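Coordinates in review
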Amino acid sequence: ESMLPAATRAAGWTLDRTNSVYEANYNVAYLIGPGVGGVLIASVGAANALWVTAVCFVMSIGSVAFIRLENAGRPLAANRPRSIWHGTVEGLRFVWNDRLLRTLALVDMALVALYMPVESVLFPVYFTELGQPAQLGSVLMALSIGGVAGALAYGPAAPYLSRRMVLITAAMVLGLAMVAMAFLPSLWVILLLAA
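Residues numbered from 1 in each chain as written. Predicted model: local features only at pLDDT ≥ 70, side-chain atom pairs only at ≥ 80, totals over all residues. Heavy atoms only, no water.

Further remarks concern the packing of helix α5 (residues 99-129) against helix α6 (residues 133-157). At their nearest, the axes of α5 and α6 sit 8 Å apart, and the two run at 155 degrees to each other. In terms of orientation, α5 and α6 fall into the roughly antiparallel class. The element α5 and its partner α6 pack so that their crossing is right-handed. Facing α5, whose interface residues are Tyr115, Glu119, Phe123, Pro124 and Phe127, α6 presents Pro133, Gln135, Leu136, Val139, Leu140 and Leu143. Looking at the contact of α5 with α6 residue by residue, the class counts come to nine nonpolar, one polar and one charged. (Axes fitted to C-alpha atoms, helices over the stretch in contact; angles between N-to-C directions. Helix = DSSP H or I, 4+ residues; strand = E, 2+ residues; numbered from the N terminus. Parallel < 35°, antiparallel > 145°, perpendicular 65-115°, else oblique. Left-handed = near helix turned anticlockwise from the far one by under 90°. Contact = heavy atoms within 4.5 Å. Nonpolar A, V, L, I, M, F, W, Y, C, P; charged D, E, K, R; others polar.)

All right, on to the packing of aromatic side chains then. This model, assessed by the stated rule, comprises three aromatic pairs. Centroid distance Phe123 to Phe127: 5.7 Å. Interplanar angle 50 degrees. Geometry classified as tilted. In this pair, Phe123 and Phe127 both sit in helix α5, four residues apart, roughly one turn of the helix. Like Phe123, the residue Phe127 is buried in the burial classification. When the ring of Tyr126 is compared with that of Phe127, the centres are 5.0 Å apart and the planes differ by 65 degrees; the resulting orientation is edge-to-face. The class for Tyr126 is partly exposed, based on a relative accessible area of 22%. A residue is classified by how much of its surface remains accessible, and Phe127, at 1% relative accessible area, is buried. Ring-pair connections join several aromatic residues into one group, and the members of that group are Phe123, Tyr126 and Phe127. (Phe/Tyr/Trp six-rings, centres within 6.5 Å; stacked < 30°, edge-to-face > 60°. Buried < 20%, exposed > 50% of the residue type's maximum accessible area, 1.4 Å probe, protein only.)

Here you go:
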C-alpha cells in the first residue's frame, strides 16, 4: 500500500482510480480466497493447505521485491531510523501530529473494533451452532461482493464526490450495518447488510 502513490504516478492514473482498483482486487481476493482454501483443505488436507499459503506468501514477497518505483526502494542509511523501536515511535508520532491521519486512524480503529468481533467471532460461533457453516461463507461472499461493487463505483464517481462525505457516509453505513448484524437477524437481512 505504501507504494500505491508511486505506482499511481508511474501509471499516470489518479489516486482515486488506483485506490478503486486496489480495493476491488483486494475484495475479489477475499471473495475467491475462502473457496480456494476450502478446495485445498479438501484435496490436500489442512496442514498442506497452510504450506501452499506459505509458499504463495513467499512468492508475493519475491514479486514485490522486483517492483521498481521512484522512492519505493530501501532508504539511504542516513534516512533510516536507529532501530525498529525508534522508527515505530517516529511513525506513530507523525500520524498523531497530523490531524487528518490521526482522525483516519481513530475512525479505522473504531470500525475494526465493530467489524472484527462480528466477522471473526460472532458469525463463526453462530453459524456453527446452527450447523450451517455454508451460510457463513455466503455472508463473507456478500461482504466481498459489496466491497468490490463499492470499490469499482468509487473510481468513476470520485471526481463528483466530496472525499470527506464519502468517508463519513461509508463509516456510518458500515458501523450501522455491523451493529445491526450483531443482533443476528434472519440470514437474508444479514446478507443484505453485509453487501
